[in-house]
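Chain by chain, the residues run as shown.
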Amino acid sequence: MASSPTEAPAMPDSAQPAPTAASTDPAALAVMQGFPPPAEKTVRVSDSTSWRFPNTRWSFSHQRELGPSAAIRRGPAAAAALPYGLRDDLDAVPFVTLDGRAMTWGESVDENFTDGLVVLHRGTVVYETYRGALGPQTPHLAMSMTKSFAGLLAAVLAHEGAIDPAALVTTYVPELAETAFGDATVRHVMDMTTGVRYREDYVDPDAEVRFYGVAAGWSRPPPGYAGPTTIFDFLRTLKKQGEHGEAFAYKTCNTEVLGWIVQRVAGKPFAELVSERIWQKLGVEEDGYVMVDGTGFALCGAGLNVTTRDLARFGEMMRLGGVAGGQQIVPKAVVDDIAGGARTEDFAKAGYVTLPGWSYRNQWWVSHNRFGAYSARGIHGQACYVAPGAEMVIARFASHPTAANGNGPLDRVSLPAYEAIAAHLTSAS
């Protein structure tokens, strides 16, 4: 569930045939082709065409061309080879969607407007495909999977004693004393149980997520706008609604507060922390990058861009308890804490009908299913699904036209599809 702080995507006329992945392929539509491309095929942030479907099928793979970003360096080490053992039986794996439709894995890949997809089983690539504007070497916008990187960094710093999750947010960011976060703890923001007025509604033009988008530089301000133009200034405007610690409520502002804490405590920007703590140690193939606001500070809630293969490497590191290339990158205790989840009764109050029995811990979504799966998730179909019980990782980037908070339309297909592949790989072992 990402926090795409954007204008609502332009949806097709209901009288027209529903869009498909094939009918909205950006190459076939000649989006951004030519020097310069025709005006009707040009994608920009300034006029919000970069957030309108089907332009998003191109823009999600080209964020660096559209706005400011900071590099997440992979460093000088050679990339760690990914073993390949591609299988030809996965596309035919059957399952039933949560709304009762019979489907196969291959059909689900198309239905979810997949841009890139890698499935690892025991560290070996068993399935890989690229569609639309994405290729193996191209980073894709991760949306709210970014949150899981921020949460992981915070959990590592907490494990090291640099951050106390029980401490008030103002211990680290006193600038938030007069805001909703003035009496919130770090744990409240880590697990999104704050009582803050912030509507993650991508259709409501007055929702706070809209003005987060303006402050982040991702969407144009409305006429006469005189509000904040940086993420830090935006966070200072938020007021309390309800009590902290009573229920899970998905709100991107929590991650931005957590990112502020992490960067201040570490004394380094988000891009450098991800590079030094994770990216340079994973054996990734490509640099990543993160989108930044007008003052150069990272969008910790939604701005990460990495390749599909490198996202799969990240997921595999988590599956192996924080280990990659024989090196303990993330403390096992941190990974175990994430995988164990939080209070399911707190999560249930959020009312996600496709996620019964789930919880949320350190900015990760925890299923508590038979495979012990947990995931980083982002709207429009972004996912890094880690299933230790099946020795499987699924890394997916997509540009689905729907940006609903909750990912319900995709979950109805994706979650049973993931479990079907996990069961198939397990039984075929």
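The preceding data block contains the structure.
Here goes a summary of the coordinates provided. (Residues numbered from 1 in each chain as written. Predicted model: local features only at pLDDT ≥ 70, side-chain atom pairs only at ≥ 80, totals over all residues. Heavy atoms only, no water.)

### Topic: the overall build of the chain
Part 1 of the argument: Helix and strand content of the chain: 13 helices and 15 strands.
Part 2 of the argument: The C-alpha radius of gyration computed for the chain amounts to 20 Å, which stays within 12% of the reference 22 Å derived for 429 residues, consistent with globular compactness.
Part 3 of the argument: Looking at the chain residue by residue over its 429 residues, the buried ones come to 57%.
Part 4 of the argument: Taking the contacts inside the chain whose residues are at least 6 apart along the sequence as the reference set, 70% of them involve residues at least 24 apart.
Part 5 of the argument: When the accessible area of the chain is evaluated, it comes to approximately 15,600 Å², of which 54% is carbon and sulfur surface.
Part 6 of the argument: Placing the 36 positive and 45 negative side-chain charges of the chain at their respective mean positions leaves the two points 2 Å apart. (Helix = DSSP H or I, 4+ residues; strand = E, 2+ residues; numbered from the N terminus. Rg over C-alpha atoms; globule rule 2.2 N^0.38 Å. Buried < 20%, exposed > 50% of the residue type's maximum accessible area, 1.4 Å probe, protein only. Contact = heavy atoms within 4.5 Å. Areas by Shrake-Rupley, 256 points an atom, 1.4 Å probe, with all protein chains shown as cover. Lys, Arg positive; Asp, Glu negative; His and termini not counted. Charge placed at Lys NZ, Arg CZ, Asp CG, Glu CD.)

### As for helix H4 (residues 145–159)
Count 3.6 residues to each turn of an α-helix, and residues three or four apart come out pointing the same way.
Part 1 of the argument: Over its 15 residues, H4 runs 21 Å from end to end, which matches the ideal 21 Å to within 8%, given 1.5 Å per residue.
Part 2 of the argument: Among the 15 residues of H4, 13 are classified as buried, and the element is accordingly described as predominantly covered.
Part 3 of the argument: Looking one or two residues past H4, Gly161 carries a phi angle of roughly 90°, positive in sign. (Expected span 1.5 Å × (residues − 1).)

### With respect to the environment of Glu65
Part 1 of the argument: For Glu65, the location among the structural elements is in helix H2 (residues 63–66).
Part 2 of the argument: Residues Glu65 and Phe314, spaced 249 residues apart in sequence, show a C-alpha to C-alpha distance of 25 Å.

### With respect to the nonpolar core
Part 1 of the argument: Counting residues in hydrophobic clusters, the biggest one holds 91 residues, and the most contacted among them are Leu152, Phe181, Leu235, Phe270, Leu282, Phe314 and Met318.
Part 2 of the argument: Contacts of Leu282, omitting those with residues within four sequence positions, involve Ala80, Arg313, Phe314, Met317, Ala324 and Ile329. (Core = buried A, V, L, I, M, F, W, Y, C linked by side-chain atoms within 4.5 Å.)

### Concerning the packing of H4 against helix H8 (residues 252–266)
Geometrically, a packed helix pair is captured by the angle between its two axes and the distance between the axes.
Part 1 of the argument: H8 packs onto H4 with a crossing angle of 40° between their chain directions and a minimal axis gap of 10 Å. With respect to each other, H4 and H8 are oriented oblique. The hand of the H4/H8 crossing is left-handed. Only Thr252, Thr255, Leu258 and Val262 of H8 make contact with H4, whose side of the interface consists of Lys147, Ala150, Gly151, Leu153, Ala154 and Leu157.
Part 2 of the argument: Tallied by class, the residues present in the contact of H4 with H8 amount to 6 nonpolar, 3 polar and 1 charged. (Axes fitted to C-alpha atoms, helices over the stretch in contact; angles between N-to-C directions. Parallel < 35°, antiparallel > 145°, perpendicular 65-115°, else oblique. Left-handed = near helix turned anticlockwise from the far one by under 90°. Nonpolar A, V, L, I, M, F, W, Y, C, P; charged D, E, K, R; others polar.)

### Comments concerning the packing of aromatic side chains
Part 1 of the argument: Taken as a whole, this structure holds 24 aromatic pairs when the rule is applied.
Part 2 of the argument: Measuring from centroid to centroid gives 4.1 Å for Phe149 and Phe314, while their planes differ by 15°, and the two rings are stacked. With Phe149 in helix H4 and Phe314 in helix H10 (residues 308–319), this pair connects stretches of sequence that are 165 residues apart.
Part 3 of the argument: The class for Phe149 is buried, based on a relative accessible area of 1%.
Part 4 of the argument: What makes Phe314 buried here is its relative accessible area of 0%.
Part 5 of the argument: Between Phe248 and Tyr352 the ring centres are 6.3 Å apart and the planes differ by 50°, which places this aromatic pair in the tilted class. In this pair, Phe248 sits in the loop between helix H7 (231–235) and H8 while Tyr352 sits in the loop between helix H12 (344–348) and strand E11 (359–361), placing the two residues 104 residues apart along the sequence.
Part 6 of the argument: Taking the relative accessible area as the measure of exposure, Tyr352 reaches 15% and is therefore buried.
Part 7 of the argument: Members of the aromatic cluster, connected to one another through ring pairs, are Phe248, Tyr250, Phe347, Tyr352, Tyr360 and Trp365.
Part 8 of the argument: Cation over ring: Arg377 sits above Trp365, and NZ or CZ is 5.2 Å from the ring centre. (Phe/Tyr/Trp six-rings, centres within 6.5 Å; stacked < 30°, edge-to-face > 60°. Lys NZ or Arg CZ within 6 Å of the ring centre and 35° of its normal.)

### Some thoughts on the side chain of His188
Part 1 of the argument: Along the chain, His188 falls in helix H5 (residues 186–190).
Part 2 of the argument: A distance of 3.0 Å separates a polar side-chain atom of His188 from the backbone nitrogen of Thr185.
Part 3 of the argument: Those residues within four positions of His188 in sequence are excluded, and the remaining contacts are Thr193, Thr194, His244 and Gly245. (Polar contact = N/O pair within 3.5 Å; in protein donor to acceptor, adjacent residues only side chain to side chain.)

### Examining the pattern of salt bridges
Part 1 of the argument: The final tally for this structure, using the stated rule, is 29 salt bridges.
Part 2 of the argument: We note a salt bridge from Arg87 to Asp89, for which the minimum N-O separation is 2.8 Å.
Part 3 of the argument: In this structure, the salt-bridge partner of Glu391 is Arg122, at a minimum N-O distance of 2.8 Å. Taken as a pair, Glu391 in the loop between strand E14 (382–387) and strand E15 (392–398) and Arg122 in the loop between strand E4 (114–121) and strand E5 (124–130) lie far apart in primary sequence, 269 residues in all.
Part 4 of the argument: Looking at Arg122, the relative accessible area reads 47%, which means it is partly exposed. (Salt bridge = Lys/Arg side-chain N within 4 Å of Asp/Glu carboxyl O.)

### Notes on the pairing of strand E13 (residues 374–378)
Two faces, one strand: in a regular strand the side chains alternate between the faces of the sheet.
Part 1 of the argument: Of all 5 residues that make up E13, 5 are buried, and the element is covered over most of its length.
Part 2 of the argument: The two faces of E13 match: Tyr374, Ala376 and Gly378 on one face and Ser375 and Arg377 on the other face are all buried.
Part 3 of the argument: Of the strand pairs in this sheet, strand E12 (residues 364–366) and E13 are connected by 2 bridges, and their pairing is antiparallel. If you follow Val366 over to E13, its bridge partner there is Tyr374.
Part 4 of the argument: Sheet topology note: the E13/E14 ladder contains 5 bridges and is antiparallel. Each bridged residue has a counterpart across the sheet, and for Ala376 the counterpart in E14 is Cys384.
Part 5 of the argument: What sits between the antiparallel neighbours E13 and E14 is a turn of 3 residues, in which His380 has the positive phi angle 70°. (Pairing = 2+ DSSP bridges.)

### Observations concerning unusual backbone geometry
Part 1 of the argument: Here the bond from Phe35 into Pro36 is cis, since omega is 5°, no more than 30 degrees from zero.
Part 2 of the argument: Looking at the secondary structure, you find Pro36 in the segment before helix H1 (56–59).
Part 3 of the argument: Not every positive phi belongs to a glycine, and Ser48 is a case in point at roughly 65°.
Part 4 of the argument: Looking at the secondary structure, you find Ser48 in the segment before H1.
Part 5 of the argument: One non-glycine residue, His368, lies in the positive phi region at around 60°.
Part 6 of the argument: When you line up the elements, His368 lands in the loop between E12 and E13.

No statement about biological role is implied by the geometric values presented.
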